Number of protein chains: 2
Amino acid sequence: MVPHLVTALSGPLNELEQRLLDATPVIERWFRLEWMEHTPPLYGSVDIRNAGFKLAPVDTNLHPGGWHNLAAATLPLAVQAAQAAIEKICPEARNLLIVPENGQPSSFYLASLQRLEQIFRMAGLNVRFGSIDPAVKRSTTLALPDGSQLVLEPAQRVRHRVGVKHFDPCTIMLNNDLAAGPPGILEELYEQYLLPPLQAGWTVRRKSRHFKCYEEVSKRFGKLIGVDPWLINPLYLTCGEIDIHEPRGGECLRTNVDALLTKIRRKYKEYGIKEKPFVVVKADQGGRGMGMMTVRDVKDLDRLTDQSRREPTAGADIPRGEVIIQEGVLTHERIHDAAAEPVVYLIDRYVVGGFYRVHAERGVDENLNAPGTKFVPLAFAGAPQLPQTSAAAGASAPNRFYMYGVIGRLALVAASYELEVTDPELQAMD
Amino acid sequence: MVPHLVTALSGPLNELEQRLLDATPVIERWFRLEWMEHTPPLYGSVDIRNAGFKLAPVDTNLHPGGWHNLAAATLPLAVQAAQAAIEKICPEARNLLIVPENGQPSSFYLASLQRLEQIFRMAGLNVRFGSIDPAVKRSTTLALPDGSQLVLEPAQRVRHRVGVKHFDPCTIMLNNDLAAGPPGILEELYEQYLLPPLQAGWTVRRKSRHFKCYEEVSKRFGKLIGVDPWLINPLYLTCGEIDIHEPRGGECLRTNVDALLTKIRRKYKEYGIKEKPFVVVKADQGGRGMGMMTVRDVKDLDRLTDQSRREPTAGADIPRGEVIIQEGVLTHERIHDAAAEPVVYLIDRYVVGGFYRVHAERGVDENLNAPGTKFVPLAFAGAPQLPQTSAAAGASAPNRFYMYGVIGRLALVAASYELEVTDPELQAMD
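Just so it is clear, the model here is predicted, and its values are computed rather than measured. (Residues numbered from 1 in each chain as written. Chains lettered and ligands numbered in written order. Predicted model: local features only at pLDDT ≥ 70, side-chain atom pairs only at ≥ 80, totals over all residues. Heavy atoms only, no water.)

Description of the domain arrangement of chain A
Residues and elements named next belong to chain A. For chain A, the assigned domains are domain 1 (1-62 + 205-234 + 332-430), domain 2 (70-202) and domain 3 (236-328). With 22 residues of domain 1 at the contact, the number on the domain 3 side is 24 residues. In total, about 2000 Å² of surface goes out of reach between domain 1 and domain 3, with carbon and sulfur atoms giving 50% of it. The largest share of the area that domain 1 buries against domain 3 comes from Lys207, Trp230 and Asp365, three residues that together contribute 32% of it. Put simply, domain 1 and domain 3 have 3 salt bridges between them. Between glutamate 327 and lysine 54 there is a salt bridge, and its shortest N-O distance comes to 2.7 Å. Those elements giving two or more residues to the side of domain 1 that touches domain 3 turn out to be strand E3 (55-61) and helix H5 (207-225). In terms of residue count, the dominant contributor to the side of domain 1 that touches domain 3 is H5 (5 residues). (Domains from an automatic or database assignment. Contact = heavy atoms within 4.5 Å. Buried area = accessible area lost by both parts, 1.4 Å probe. Salt bridge = Lys/Arg side-chain N within 4 Å of Asp/Glu carboxyl O. Helix = DSSP H or I, 4+ residues; strand = E, 2+ residues; numbered from the N terminus.)

Observations regarding the packing of aromatic side chains
Overall, the coordinates contain 24 aromatic pairs over all chains when judged by the stated rule. Taking 5.3 Å as the distance between ring centres and 75° as the angle between the ring planes, the aromatic pair formed by Trp30(A) and Phe31(A) counts as edge-to-face. For Trp30(A), a relative accessible area of 10% corresponds to the buried category. Ring geometry for Trp230(B) and Tyr268(B): centres 6.2 Å apart, planes at 65°, overall edge-to-face. Residue Trp230(B) is located in the loop between helix H5 (207-225) and strand E12 (236-242), and its partner Tyr268(B) is located in helix H6 (residues 251-270); the two are separated by 38 residues in the primary sequence. Grouping aromatic residues by their ring pairs yields a cluster made of Tyr43(A), Trp67(A), Tyr345(A) and Phe355(A). It is Lys207(A) that lies over the ring of Trp202(A); its NZ or CZ is 5.1 Å from the centre. (Phe/Tyr/Trp six-rings, centres within 6.5 Å; stacked < 30°, edge-to-face > 60°. Buried < 20%, exposed > 50% of the residue type's maximum accessible area, 1.4 Å probe, protein only. Lys NZ or Arg CZ within 6 Å of the ring centre and 35° of its normal.)

Quick word on the state of the cysteines
Evaluated as defined, the whole model comprises 4 disulfides over all chains. Across a sulfur-sulfur distance of 2.0 Å, Cys239(A) and Cys252(A) are joined as a disulfide pair. Note on the Cys239(A) and Cys252(A) pair: the S-S dihedral is about -100°, so by sign convention the disulfide is left-handed. With a gap of 13 residues between them, Cys239(A) in strand E12 (residues 236-242) and Cys252(A) in helix H6 (residues 251-270) connect regions that are remote in the sequence. What pairs with Cys90(B) in a disulfide is Cys170(B), and their sulfur atoms sit 1.6 Å apart. Looking along the S-S bond of the Cys90(B)-Cys170(B) disulfide, the torsion reads about 80°, which is the right-handed sense. With a gap of 80 residues between them, Cys90(B) in the loop between helix H3 (75-89) and strand E4 (95-99) and Cys170(B) in the loop between strand E9 (161-163) and strand E10 (171-174) connect regions that are remote in the sequence. Each of the two residues, Cys90(B) as well as Cys170(B), counts as buried. Take the cysteines of chain A that form disulfides and number them in order along the sequence; they join up as 1-2, 3-4. (Disulfide = S-S within 2.5 Å.)

Digging into the sheet that holds strand E15 (residues 321-327) of chain B
All names here are of chain B. The strand order across the open sheet built from 4 strands is E12-E15-E13-E14, with neighbouring strands paired in antiparallel fashion. For this open sheet the edge positions go to E12 and strand E14 (292-295), each flanked by a neighbour on one side alone. Taken pair by pair, the neighbouring strands of this sheet meet at an average axis angle of 20°, ignoring direction. For E12 and E15, the ladder comprises 6 bridges, and the chain directions are antiparallel. Among the inter-strand pairings, leucine 237 is bridged to a residue of E15, identified as isoleucine 325. Strand contacts of H6: E12, strand E13 (279-283), E14 and E15, with the helix running at about 175° to E12, the strand carrying the most contacts. (Pairing = 2+ DSSP bridges. Axes fitted to C-alpha atoms, helices over the stretch in contact; angles between N-to-C directions.)

Considering the interface of chain A and chain B
On the side of chain B, 46 residues touch chain A, which itself brings 46 residues to the contact. Taken over both partners, the interface formed by chain A and chain B buries close to 3700 Å², and the fraction arising from carbon and sulfur atoms is 54%. Linking chain A with chain B are 2 salt bridges, by the criterion used here. With a closest N to O distance of 2.1 Å, Arg349(B) and Glu87(A) form a salt bridge. Elements with a minimum of two residues in the side of chain A that touches chain B: helix H1 (11-22), helix H2 (24-37), helix H3 (75-89), helix H4 (107-122) and strand E18 (350-359) of chain A. Ranked by the residues each element gives to the side of chain A that touches chain B, the list is headed by H3(A), at 10 residues. Its residues assigned to classes, the side of chain A that touches chain B comprises 27 nonpolar, 9 polar and 10 charged. (Nonpolar A, V, L, I, M, F, W, Y, C, P; charged D, E, K, R; others polar.)

Written out as structure tokens, the structure reads:
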């Protein structure tokens, strides 16, 4: 079930892999202690890039879809993790309400919701779907490709509680990133658990805040196992609001792109890496790789901005508003000839599976989360917590997956820091 | 990976299976609440018999071996369950000491110990093996068939703590059933966790006490999902000390065998079951199917006892001391032509895998835990928590395994009651 991979694993990463394997009890204990101090998000998915010499998360999703892409064999792991989560949150709970994305759901998204329902039903909860989309005015039965059905009901607010008709949940699970802002119906819910909390929505979240937290985590983790945090941490810089259509609107962008490229060049030199550095400019707010731009040289940036000033339509790829400029991490993983990027799925503090995002038409330094993407389940079932300590570094897929599981969990720790920083109640206490 | 099974599933069991599937959220919640009240044993394995019309545990082992028989794909489940257990018991723990069986370990047992070490290392603990066998006087390196090695060290008592040289564990895991009685080295340990506790050893344990607790559990569970508890509960009776070599030594045995056969006959009649009832007479104390006797008729008993009085050597199968007379549950499962009996493995409150114990030479009403037994991993990875609610009752292997997982956990709940009843500290409080 392990997809055939071609990875140009070179020195540093093999060393990292070996360190992780040797330090497994230390690492797992470190996570255990972190989770005593910090509350993991209910769930998440982490996009990881493996450059051969560097392994880093590039995006952390706290309202993950794509659950149907996980290998069926990994589902008991998800169920067990969900059971552990429920025991902590609301052990006496009978009911769970899942709030899906707004808008007309694709058949893929429906399959993902169905998988989530299956996981949490098996974990011991009655699951129903409550939409906060104003367009959903009555209970709607939607057909899935496999012939099964899924019922979408309008979420109802009754005084201080949210549910659907004749269904009062203990916990409300958001699978909606609230990009349009938190709707009134979900605000000031003090009697029910809303997970992940409102501040995990994209009106509050900033990628830069997440990676600031991740930087902190990677430093502490790097110290723990004695490796340079850069090997697992993508550098970044931010600009405030930018609009390259304004004169001088691109200045901060230009300066920071240049500065970051220089930083990366230095690191590449330090490790004798022959690759050409690049940065990715993306909206600091919002998921789904909207407005994302790969820049290898400031000149490219100038060309792009000039061009998009001349013909604004062509500038679709240039993000507006707050942007983050992030060190680009190549993916040196391939499935056949297509660039592949692992995505790790987590429930509570457990790695429950993952898959490869594969895109035949996209380059090794481009965003793979785009139309035309295919998915290949990762053989996490037999793998993530079970590396083969005997196998040579870089030679074993299970070891690779254990490494991905560690990086995914580091990003989850960062997300828990992030949600504390933006927790209104904790702020009020300060 | 699912072994090809032939099971004569008839009415009652299909109905039971359907009830369990429909009630999954109710059942899982019920377990959740049970585990809030009662502490699950650290681990266990449960032998289950599936008669087609009846499904029941026949033996619950609180110091299970055979871990190497679990399918590799189920290991992440075991690791995750172990992580959950550690978080509760001793989250800051670095070290775990495993106390193996006494005596010269077989290569099978070594493989089982190695698997346990692997599971708990991946869960985040340094694992070492401390033997309490007086014969183990110095650290001994043992070779496994696969070429790897395992080090057995003599357990050391230093004041109030037990460990091995330069190794001070937070938790001591007993994989030794203490049939010879609790050794002084393990008594009065108030600073470390000894799991399972001393009263889980066979000097204190009685099968009859376990099945008394299980009867209570099965009644409550039967009420929960609305089924006759007999469908999941094996009837039993006990005699005190017996020695059939004494005149009148077999009287209680004779009376109770007769009484139990009558009870079973009545139940068979109620359900229109055509099978011939039988009982199993076994030692109430001690595991590993020692001295176990299948009796279909009191006349057989008389013949056996007479015979063994004439030639005591032939009476090896007749248990002495305290015995339990248990309703025999046929196994109607087959792998090819061999009688098969599922064994479910648990860590903390989670089902982590299982296998079929298969014996070609043994009959459907005989003990399969005997020389010549083979093991076939159960495909629990894709199964136990993920029944296919759509499949027809009895038609789906995953559904079967979910059912086994439920029965296994019911036996584990019974074991937790049992360990409370015999807990010296709880006794002191009464």
